[in-house]
Protein chains: 2
Amino acid sequence: MNPTIELLKSHRSIRKFKDQKIPQDLFEELIRAGQSAATSNHVQAYTIIHVVNPENRKKIAELAGGQSYVADASDFLVFCADMKRSTEAAERAGADVVRGTTEQLVVASVDTALMAQNVAIAAESEGLGLCYIGGIRNNPAEVADILRLPEHVYPVFGMCLGYPDQNPEVKPRLPVSAILKEDYYDDRRDEELVAEFDDRMHRYYLKRTGGNKETNWSEQLKPLFTTKLRPHMRDFLNGRGFGVK
Amino acid sequence: MNPTIELLKSHRSIRKFKDQKIPQDLFEELIRAGQSAATSNHVQAYTIIHVVNPENRKKIAELAGGQSYVADASDFLVFCADMKRSTEAAERAGADVVRGTTEQLVVASVDTALMAQNVAIAAESEGLGLCYIGGIRNNPAEVADILRLPEHVYPVFGMCLGYPDQNPEVKPRLPVSAILKEDYYDDRRDEELVAEFDDRMHRYYLKRTGGNKETNWSEQLKPLFTTKLRPHMRDFLNGRGFGVK
C-alpha cells in the first residue's frame, strides 16, 4: 500500500480545529488540486465561495443546524454547482443555450463533488483536517442569499478546513462485497452483509462511548428516512433553474 | 508541493490502455480507498458494478456513444447511486421509509462521486490511468437493464481503468480567480477571465493538433448546450425512483 492510498484510507471528519491559519499559498494550491479533477466535457461546472466574513460564518453555522465548527474552522468553503459561467460563455460564442435540464443538475453536482474531493485529499496530504457540511442544504435558499448566488448556481455542500485539534478513529465502512458487484446487481447477500456490518458498528459505537451508545448502522439511518429530509430541495432546485426540464 | 498534490495536479484522462490486467488485490484496495471517502450521514449511497462480461462491455461501449476503450480497458466500472441498500436496512430496523426525494438524488449522486474520485486517485497513485464515462447517460435505461439495476439505483457514470498506453498532456483549467470567490458570488470579472482562458485553450488546441484545430473553450461548449443533451434524464430518474418528490 503506497502512502497516497494510506492517506485516503485514513480519512475521518475533523470538527475541532487549532487556532492556526492555513497559509494563503497552500490554500490556493488546494484549489488548483481541486480543479485538476476530471470534469464532464471540460465544463468545470463549479464555483467555490470562500466565506471569510465572520458574521456570515456564524449565520451559516446556525442555518446548517448549529454546527459551530462552520464558524470556528480556519477556513470555510461552500462548493456550488455552477451552470451559469459555462452556459454564458457558450452564449457569448453565439449558442442558443438550453438551461435547467436534469442532466445539467447531475453534471454540475458530480463535477463539484469530484473537485471538492480533490481539495479534501490535497488538504489531508498537508496535515489538514476537514469535514463536509451537507447541513447547508437544511436552509439552502438562505445560504444562497448570503452568498448572493445567481440563478443556475446552487450550494451543494460546505467544507470546514483547518489544522486538526482532535484525532478521532476512522469510521468503519460496509464490506467491499456489499458495494462491489460483478456484472449485475445481485443483492441476495445484502441483508446478511448489512447484519454483519450492524454488528460491527454496534461494537464501534459501544467502544467509542464507553458502552453508552446502543445502536448500529441500520438504527442510525432510521431518522434520515422516516421523515422527509430536506423536502424543500425539489422546489429549491427548480427555483434556481436546475432540473426542471 | 508534496507528491500527493503533484499526483492530483497531473491527472489527465487515459483512453488507450496496455494489455495488462490489474492484480485482484490491488483492485480491491482501490475500492476500499474509494469507500474511505466522506459519505453523507454514513449512508454510503453507492454500488459499483464491475463489468467483466465482454459482450456487456461491448454493448455498453456502443451505448456510451461508441467509446471502444469501455470494451478494451483492463477494467470497467459503473458507479451507481444507490438508495436501495440503506433505505431497506432502515426499513428492516422498523422505519417507515420515505423514498424518491430530490435530496436523496443529491446525496446519492454526491456520495457516489466522492467515492469514485478516491478510486481514481488511488488508481493513479499506483501508475494506473482512467477516464470517466459520462456517456453511459446517453442510454441509461439500457445500461441499467444490462446491469439489472433495481429501483432506487441509477448509473451515474462509468470508469475505464488500466495501465496507460499513451501519455497525453494535462488539460488546462480555468484560472483560480474565476472559480474561487470571497464571501459572495461576484462575476464582474468572469467575462474577461473566460476570454483569457479561451485564448489559452486556443493555443492548447493548436499545439495539440499541429495547428489544425481552431477552437477554444467557449466554442467547444456550444454543442453541449444548444441541443438538449440527454433530455431523457428527468423521466429516467423519476422512473427509477429518484427525485420525484
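Residues numbered from 1 in each chain as written. Chains lettered and ligands numbered in written order. Predicted model: local features only at pLDDT ≥ 70, side-chain atom pairs only at ≥ 80, totals over all residues. Heavy atoms only, no water.

### Thoughts on the packing of aromatic side chains
Next up, step 1: With the rule as written, the count across this model stands at 10 aromatic pairs over all chains.
Next up, step 2: Judged by centre distance (5.6 Å) and plane angle (70°), the rings of phenylalanine 197 of chain A and tryptophan 217 of chain A are edge-to-face. One end of the pair, phenylalanine 197 of chain A, is in helix H9 (residues 190-208); the other, tryptophan 217 of chain A, is in helix H10 (residues 217-226), with 20 residues separating them in the sequence.
Next up, step 3: The interplanar angle of 40° and the centroid separation of 5.6 Å between the aromatic rings of phenylalanine 79 of chain B and phenylalanine 157 of chain B together place this pair among those described as tilted. Residue phenylalanine 79 of chain B is located in strand S2 (residues 75-82), and its partner phenylalanine 157 of chain B is located in strand S4 (residues 153-162); the two are separated by 78 residues in the primary sequence. Summarising the burial analysis for this pair, phenylalanine 79 of chain B and phenylalanine 157 of chain B share the class buried.
Next up, step 4: Cluster of aromatic residues (ring-pair linked, three or more members): Phe79, Tyr132 and Phe157 of chain A.
Next up, step 5: A cation over an aromatic ring shows up here: lysine 181 of chain B above the ring of tyrosine 185 of chain B, its NZ or CZ 4.9 Å from the ring centre. (Phe/Tyr/Trp six-rings, centres within 6.5 Å; stacked < 30°, edge-to-face > 60°. Helix = DSSP H or I, 4+ residues; strand = E, 2+ residues; numbered from the N terminus. Buried < 20%, exposed > 50% of the residue type's maximum accessible area, 1.4 Å probe, protein only. Lys NZ or Arg CZ within 6 Å of the ring centre and 35° of its normal.)

### Focus: the pattern of salt bridges
One side chain can pair with another of opposite charge once the charged atoms of both are near each other.
Next up, step 1: Per the counting criterion, the structure on display carries 34 salt bridges over all chains.
Next up, step 2: With a closest N to O distance of 4.0 Å, glutamate 28 of chain A and arginine 32 of chain A form a salt bridge. Here arginine 32 of chain A and glutamate 28 of chain A lie together in helix H2 (residues 24-35), a separation of four residues that amounts to about one turn.
Next up, step 3: Judged by relative accessible area, which is 31%, arginine 32 of chain A ranks as partly exposed.
Next up, step 4: In this structure, aspartate 187 of chain A engages lysine 84 of chain B in a salt bridge whose closest nitrogen and oxygen atoms are separated by 2.3 Å. (Salt bridge = Lys/Arg side-chain N within 4 Å of Asp/Glu carboxyl O.)

### With respect to the packing of helix H2 (residues 24-35) of chain B against helix H6 (residues 102-125) of chain B
Residue and element names in this part refer to chain B.
Next up, step 1: Taken N-terminus to C-terminus, the directions of H2 and H6 make an angle of 135°; their axes are 7 Å apart at the nearest point. With respect to each other, H2 and H6 are oriented oblique. Helix-helix and strand crossings are classified by hand; for H2 and H6 the assignment is right-handed. Where H2 abuts H6, its residues Leu30, Ile31, Ala33, Gly34 and Gln35 lie against Met115, Asn118, Val119, Ala122 and Ala123.
Next up, step 2: Considered class by class, the residues forming the contact of H2 with H6 number seven nonpolar, three polar and no charged. (Axes fitted to C-alpha atoms, helices over the stretch in contact; angles between N-to-C directions. Parallel < 35°, antiparallel > 145°, perpendicular 65-115°, else oblique. Left-handed = near helix turned anticlockwise from the far one by under 90°. Contact = heavy atoms within 4.5 Å. Nonpolar A, V, L, I, M, F, W, Y, C, P; charged D, E, K, R; others polar.)

### Focus: the nonpolar core
Next up, step 1: With 177 residues, the main nonpolar core has Tyr154 of chain A together with Tyr154 of chain B as its most contacted residues.
Next up, step 2: Discounting chain neighbours no more than four positions away, the residues touching tyrosine 154 of chain B are Val106 of chain A together with Phe79, Cys80, Ala81, Leu105, Ser109, Leu149, Met233, Phe236, Leu237, Arg240 and Phe242 of chain B. (Core = buried A, V, L, I, M, F, W, Y, C linked by side-chain atoms within 4.5 Å.)

### What to know about the sheet that holds strand S3 (residues 129-133) of chain B
Next up, step 1: Judged by pairing direction, the sheet is mixed, and its five strands sit side by side in the order S5(A)-S1(B)-S2(B)-S4(B)-S3(B) without closing on themselves. Every interior strand has two partners, whereas the edge strands, strand S5 (180-182) of chain A together with S3 of chain B, have only one. For this sheet, the mean inter-axis angle between neighbouring strands, taken without regard to orientation, is 25°.
Next up, step 2: Relative to S4 of chain B, S2 of chain B runs antiparallel, the two being bridged by eight bridges. Within S4 of chain B, the residue paired with valine 78 of chain B across the bridge is glycine 158 of chain B.
Next up, step 3: On the sheet, helix H5 (residues 84-92) of chain B packs against S5 of chain A together with strand S1 (46-51), S2 and S4 of chain B and is oriented at approximately 45° with respect to S2 of chain B.
Next up, step 4: Running at roughly 10° to S4 of chain B, H6 of chain B makes contact with S1, S2, S3 and S4 of chain B of the sheet. (Pairing = 2+ DSSP bridges.)

### Quick word on the relation of the copies chain B and chain A
Next up, step 1: Least-squares fitting of chain B to chain A yields an RMSD of 0.0 Å, with the superposition described by an axial translation of 0.0 Å and a rotation of 180°. Look at the turn and shift together and you get a two-fold axis relating the two.
Next up, step 2: In this assembly the copies share their binding face: 99% of the residues contributing to the interface of chain B also contribute to that of chain A. (Least-squares fit on C-alpha atoms with pLDDT ≥ 70 in both.)

### Some remarks on the UniProt feature "domain: Nitroreductase" (unreviewed entry) in chain A
Next up, step 1: UniProt's feature table lists "domain: Nitroreductase" (unreviewed entry) at residues 9-163 of chain A, given in the numbering used throughout.
Next up, step 2: Secondary structure content for residues 9-163 of chain A is 43% helix and 19% strand, and the end C-alpha separation is 19 Å. (UniProt positions renumbered as here; feature names shortened; annotations may be inferred.)

### Considerations on the pairing of S1 of chain B
Next up, step 1: Extensive coverage of S1 of chain B is indicated by the burial of six of its six residues.
Next up, step 2: Bridging between S5 of chain A and S1 of chain B involves three bridges; their strand directions are parallel. Paired with glutamate 182 of chain A across the strands is histidine 50 of chain B, a residue of S1 of chain B.
Next up, step 3: In terms of strand pairing, S1 of chain B meets S2 of chain B through six bridges, oriented antiparallel. Paired with isoleucine 49 of chain B across the two strands is valine 78 of chain B, which belongs to S2 of chain B.

### Section: H10 of chain A
Next up, step 1: Among the residues of H10 of chain A, those classed as buried are Trp217, Ser218, Leu221, Leu224 and Phe225 of chain A. On an axial view of H10 of chain A, the arc spanned by its buried residues comes to 105°, and they lie on one face.
Next up, step 2: Where the residues of H10 of chain A are buried, they touch H9 of chain A together with H5 and H6 of chain B.
Next up, step 3: Measuring from the backbone nitrogen of serine 218 of chain A back to the side-chain oxygen at the start of H10 of chain A gives 3.1 Å, which picks out asparagine 216 of chain A as the cap. (Arc of directions from axis to C-beta. Polar contact = N/O pair within 3.5 Å; in protein donor to acceptor, adjacent residues only side chain to side chain.)

### Structural notes on the side chain of arginine 99 of chain A
Residue and element names in this part refer to chain A.
Next up, step 1: Mapping arginine 99 onto the fold places it in the loop between helix H5 (84-92) and helix H6 (102-125).
Next up, step 2: With relative accessibility at 17%, the residue arginine 99 sits in the buried group.
Next up, step 3: A polar contact of 2.8 Å, which involves the side chain of arginine 99, links it to the side chain of threonine 87.

### Quick word on the sheet that holds strand S1 (residues 46-51) of chain A
Next up, step 1: Strand order in the open sheet made by the five strands is S3(A)-S4(A)-S2(A)-S1(A)-S5(B), with mixed pairing throughout. A single partner strand is all that each edge strand has here, and the edge strands are strand S3 (129-133) of chain A together with strand S5 (180-182) of chain B. The mean inter-strand angle of the sheet, taken between neighbouring strand axes irrespective of direction, is 25°.

### Section: the interface of chain B and chain A
Next up, step 1: Counting residues at the interface gives 113 residues for chain B, matched by 112 residues for chain A.
Next up, step 2: Of the roughly 9,900 Å² buried between chain B and chain A on both sides combined, carbon and sulfur atoms contribute 62%.
Next up, step 3: Contact with chain A buries area across many residues of chain B, yet His42, Tyr185 and Phe225 of chain B alone supply 9% of it, more than any other trio.
Next up, step 4: Taken together, the connections running from chain B to chain A amount to 10 salt bridges.
Next up, step 5: Here arginine 137 of chain B makes a salt bridge to glutamate 103 of chain A, at a shortest N to O gap of 2.9 Å. (Buried area = accessible area lost by both parts, 1.4 Å probe.)

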